[in-house]
Each structure stands twice: as C-alpha cells, then as structure tokens.
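Examining the three-dimensional arrangement
Here are the chains, one letter per residue:
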Amino acid sequence: MRAARAEAAFKQAVIDKLTHENAILKRLKFAERFSPEQKSLPDETLDGDLAAVAAEIEALQPERAAGERQQPRREKLPPHLPRRDVHHEPENTACGCGQAMQRIGEDVAEKLDYQPGVFTVERHIRGKWVCKCCERIVQAPVAPHIIDRGQPTTGLLAQVLVAKYLDHLPLYRQEAIFERAGHAIARSTLAQWVGECGVQLEPLVDALAAELLRQPVLHSDETPVAMLKPGHGKTHRAYLWSYCSTQFSPLQAVVFDFADSRGGQHARDFLGLPGTPSKPAWRGKLVCDDFAGYKACFELGVTEVGCMAHARRKFHELWANHGSQVGEQALKFFGQLYQVERAAVNADSRARLDARQAARPLTDALHQWLRQQRQRVPDGSATARAIDYSLKRWAALTRYLDDGDLPIDNNWVENRIRPIALGRQNWLFAGSLRAGKRAAAVMSLIHSAKLNGLDPYAYLRDVLERLPMHPASQIAELLPHQWASTRDV
C-alpha cells in the first residue's frame, strides 16, 4: 500500500512539473513579444514542445474510459483526394449460439496518407455484425496508432520526420510542399505530430543507447548548434554530441545527445560515469580528439584513443598555409601510416593487427623525427604547436597499433556528424532542451538506419506502425541493426 502511494505521489510530481512547463511554453507562444531575431524562429518548435508535453502528461494520467476522453475536432479530408478502402472485419462472424451473424453497418475512419508528391486517403471500414438471435454485435477493434485518434498514417508521419531531420526541410517548407501536392497541412499541426512522435520514439532511442554502451570501443565528437532562448533576444552555443560504434564493429549505430553546453559532464553522463555498484559505468576505449572535456573520463577508467587525423591536420595546415618543409615531411610519414590502414581496412582484426605491428618501425621513426625537429624550432611557433600536439599525446595516438579493433582516427564519427552541419540554419531551439533532445533522438534512428543500409523512410514507417503494439520487453527488435530480420514480410 505504501509503495502504491509513493508511486502515485511520484507520478503526480512529474505531472505537476510537466504542467508547469506546459504553462511556460503556452506563455512563450501566445503572450511574449519576440524580437526581430526571434521572429525567424519557426513556430514549429514551440508547437512540437507543447504536443510532446501533452503526450507525456496523458501517458501519466490514470486510465480513463473512452467516453471520458475529449474527442479531437478534425476537419474533413478534401473530397477530391483519391480514396483507398482498408477493410477490417472480425475473424469469426459465427455467434456462440450457433447462428450466423449478419452485417448491419460499418464505421469509417479516414486517415491522410502521403507518398512523395501524392496525397491519398485511407478509408478504414470496420463492419458491424449482429446475431439476431442473441442481439450480439461484433466489430473488429480499432488498431492502436502512434498518435492516438490521429488523422495521419504512419507513412505521412515518417515523411515529415525524414524531411525535417534528414533532408533539413523546416516545417514551413513542408507546409508549402504539401499545399502544392493538393492539401495544405498547417505548420502547427505538423509540429504537433513531430512532438508526439518524438515522445513515442524515446524508448527506442534509449534501447539503442544501451546497446551502444555494450560496445568495447566507441567514437565521440561534438558540434555546435545555435540555441535561441525566448526572452533573451539572442542565441547562445549549444552542442550536439555524437557517439557511435567503429567501422570494424558488428553493431553499426550512432546516438546523438543534445546538450546546452560543451561541458565534459555531458559525456560522463552519457557514459554513466563514475557509475554505481547497481549500474556500472562504461569503461571501454574512447576514440576522440584532444578536447579537455573528455579528460575526466580517462581519470575514471576510460581508455583514451587518439585521433591520428587530428595530428596530421596540424601539419597539413603548416604546409598549406606556409609551405613548411617540416609540414611536408610529416605528411609523408602520415601518408605511409594511412597506406597501411587502407590495405588492411577489409581484413579481420588479427590480420589488421599484424599489418600494424609490421608498421611499428615507421611510427618509431616518426616519433624520433618529431623529437629532433622540436629541438630546432622556437617555443610558441606554429610548428612547435603542431609537433607538441603529437608528442604530448603519443601514447594515445599509437594505441591502435596494439589492437586490431581500434581505428587509426576519429573520422568515422566525424562523417556521421558532418551531415548535421548542413542543416545548422534549421537548428534553433526555443528555450528548453526538449526540441533539441527530440531532434537528437529522431536523428539517432534515421542515421543508424542509414549506417545499416536501410531506407530511413521505410524503416521509420514500419517502426511507427508496429511500435504501439510492440511489447516493451522486445523493443530491441525494432532497432535499425535488427529491424530487417524481424519485420513482417
């Protein structure tokens, strides 16, 4: 009894917190005067946040009878759009008394579907069957939907999410595209769909992150994005952190984590550091650059793996900007190291390790050459800084030589995060972290699907279709790397 009261009190506290956040978001949307800079922020962000908060509150409320739920007002779908009937009939229309049931009517629910450039309407027809003897009515149940009582099909929802988070199309542009296709969908409605889908997909992203943290080697990187706080009249720098498995790992996955700063605590939180006896921290090998925010992770048991591409980049800048002979000679050393990697990229771990061990004299020669050159250049010069970067991190930079499962550099994760930079102009978040977290979650699924050779639209459409009925204990079956083998054919 005490446990039940404690659980009820906890849920009520969460509801109160979300209700307060909801009130703040409504004030920002309807009451606050925005500066000219803020006017450029798409209203979609606040609408999406409002829908997400409402969905979370609904999930925490005690179960209510269907009749008690407020029925949403839906505009009728345009009559000129093509219709496709989808029939739902009971599996068995024989009454328990032995008499055959008769069809007495039907319920029709229309859902808006979309294929690139074409709107259609699905008419879900649920026939009503009655036994005249028993006056018993049978009807196929309404299938659960990712947006309860929602009008869009999962195909339309997947299209909106992929267009926004993969193709970098803000919702106001999608609104115009849909209008040209024959049916205008209000931007606020699109934003509500995005917000509600984000809430529903969170458990899937949590499961993806849990699988990623079971990997012994991870890449990590971060990129800045602009975050706009309503009421402040200016933007500040937030960050999208990226964690992914290596190209040599059987698991191909990437998880993005949005944070309002570049503080190293965000990396420690994702990795679960320092950990507890009941929830041990991740203490594998982390491939990253020389960002100071990762240093505390290494003090807590994570093994640092350096990025040879960052070291090479310092010398390339010397050569490209100043024609430096030191830079040119260093690039030749790095070129030979990368030639070894290219030759062994498709080999197994053992063969790759053998190739790297054979190349160790080359790294020893580079190390000795760097130390000699350092004695010849003045402190504080660009050449000294380039050499010091490598010498100070030499152990981390060459750790890959003793492990065939380690990459030579951090380029794999940089390639995952590079497409995000293309959409930076669309990355303005209003006040809370909610919109940024939502974007990071959806992008984690979309880009993990791409890593596994999947069509992100087909993947999201199927997942959104199956998720409402999928057991929580089997959520891993819907992750991108397992989806192809478990989906219904």
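Calculation rules
Numbers given to residues run from 1 along each chain, matching the order in which its sequence is written. Only residues with pLDDT of at least 70 are given local features in this predicted model, and only at 80 or more are side-chain atom pairs given and counted; all residues enter the totals for whole chains, interfaces and linings. Note that water and hydrogens are dropped before the side-chain values are worked out from all heavy atoms of the structure. Only the stretch in contact is used when a helix axis is fitted, and all axes are lines through C-alpha atoms; the angle between N-to-C directions ranges over 0 to 180 degrees. Here a helix means four or more residues in a row that DSSP labels H or I, a strand means two or more in a row labelled E, and each is numbered from the N terminus. Oblique is the label for any angle not under 35 degrees, not over 145, and not in the 65 to 115 range, which are roughly parallel, roughly antiparallel and roughly perpendicular in turn. Each crossing gets its hand from how the near helix is turned against the far one by less than a right angle, where anticlockwise is left-handed and clockwise is right-handed. We call two residues in contact whenever any of their non-hydrogen atoms come within 4.5 Å of each other. When a residue's accessible area, from a 1.4 Å probe over protein chains only, is under 20% of the maximum for its type it is buried; when over 50% it is exposed; and in between it is partly exposed. Think of it this way: DSSP has to see at least two bridges between two strands before they count as a pair. Confidence scores here are pLDDT values: one per residue, from the predictor, ranging 0 to 100. By nonpolar core we mean a set of buried residues, namely Ala, Val, Leu, Ile, Met, Phe, Trp, Tyr and Cys, connected to one another through side-chain atoms within 4.5 Å. The criterion for an aromatic pair is that two Phe, Tyr or Trp rings (for Trp, the six-membered ring) have centres within 6.5 Å, with stacked assigned to planes under 30 degrees apart, edge-to-face to planes over 60 apart and tilted to the rest. By definition, being over a ring means that NZ of Lys or CZ of Arg is both within 6 Å of the ring centre and within 35 degrees of the ring normal. Salt bridge criterion: a side-chain nitrogen from Lys or Arg within 4 Å of a carboxyl oxygen from Asp or Glu. Cysteine sulfur atoms are paired as a disulfide whenever they fall within 2.5 Å.

Glancing now at the packing of helix H6 (residues 187–212) against helix H16 (residues 434–451). Contact pair H6 / H16: the axes reach a minimum separation of 8 Å and the direction vectors enclose 60°. With respect to H16, the axis of H6 lies oblique. Considering only the axes of H6 and H16, their crossing is left-handed. Here Val 194, Gly 195, Gly 198, Leu 201, Leu 204, Val 205 and Leu 208 of H6 lie close against H16, whose contacting residues are Arg 438, Ala 441, Val 442, Ser 444, Leu 445 and Ser 448.

The next thing to look at is the pairing of strand E7 (residues 254–259). For E7, a buried count of six out of six residues is recorded, marking the element as mostly surrounded by other parts of the structure. Where burial is concerned, the two faces of E7 agree: the one with Val 254, Phe 256 and Phe 258 and the one with Val 255, Asp 257 and Ala 259 are both buried. Pairing between strand E6 (residues 235–244) and E7: six bridges, direction antiparallel. Looking across to E7, one finds that Trp 241 is bridged to Asp 257.

We now examine unusual backbone geometry. For the bond from Leu 273 to Pro 274, the omega torsion is 5°, close enough to zero to count as cis. Within the secondary structure layout, Pro 274 lies in the loop between helix H7 (264–271) and strand E8 (285–287). With phi around 55°, Glu 135 is a residue other than glycine that occupies positive phi space. In this fold, Glu 135 is placed in the loop between strand E3 (118–131) and strand E4 (136–139). Looking at Glu 135, the relative accessible area reads 68%, which means it is exposed.

Attention now goes to the confidence of the model for the protein. Per-residue confidence for the protein averages 85 on the pLDDT scale, and 83% of its residues sit at or above 70. Confidence, expressed as mean pLDDT per element, reaches its minimum in the protein at helix H2 (residues 36–39) with 42 and its maximum at E8 with 98. Across residues 31–42, where pLDDT falls below 50, the model places 23 contacts with residues more than four positions away in sequence or in other chains.

Within the largest apolar cluster, 83 residues are counted, with the highest numbers of intra-cluster contacts made by Leu 156, Leu 161, Leu 201, Leu 204, Leu 286 and Tyr 459. The element that contributes the greatest number of residues to this core is H6, accounting for twelve residues. The residues contacting Leu 286, other than those within four sequence positions of it, are Leu 218, His 219, Ser 220, Leu 271, Tyr 294, Phe 298, Val 302, Thr 303, Glu 304 and Val 305. Among the nonpolar cores identified, the runner-up in size contains 29 residues, and Val 287, Leu 362, Leu 366 and Leu 370 belong to it.

Let us look at the packing of aromatic side chains. What the rule picks out here adds up to ten aromatic pairs. A centroid spacing of 5.6 Å and a plane angle of 40° characterise the contact between Phe 333 and Trp 369, whose relative ring orientation is tilted. Separated by 36 residues along the polypeptide, Phe 333 in helix H10 (residues 325–344) and Trp 369 in helix H12 (residues 360–374) bring together distant segments of the chain. No difference in accessibility class separates Phe 333 from Trp 369, as the two residues are buried. An aromatic cluster of at least three residues, connected via ring pairs, comprises Tyr 114, Phe 119 and Phe 178. Note that Arg 416 overlies the ring of Trp 412, its terminal NZ or CZ placed 4.5 Å from the centroid.

This next bit is on the environment of Ala 351. Tracing the backbone shows Ala 351 in helix H11 (residues 349–358). Put simply, Ala 351 and Gly 404 are 53 residues apart on the chain and 7.7 Å apart in space, counted from C-alpha to C-alpha.

With that settled, consider the pattern of salt bridges. Within the structure shown, the criterion is met by 25 salt bridges. Between Glu 222 and Arg 262 there is a salt bridge; the shortest N-O distance is 2.7 Å. In this pair, Glu 222 is assigned in strand E5 (residues 217–228) and Arg 262 in the loop between E7 and H7, connecting sequence segments 40 residues apart. Residue class for Arg 262 comes out partly exposed when judged on its relative accessible area of 33%. Among the charged side chains, a salt-bridge network with shared partners connects Arg 83, Asp 85, Glu 110 and Arg 123.

Below, the discussion takes up the state of the cysteines. The full count for this structure, using the stated rule, is zero disulfides. With no disulfide of its own, Cys 133 has Cys 97 as its nearest cysteine by sulfur position, at a separation of 4.1 Å. Not part of a disulfide, Cys 288 finds its nearest cysteine sulfur in Cys 297, a span of 8.0 Å. You can call Cys 288 buried: its relative accessible area is 0%.

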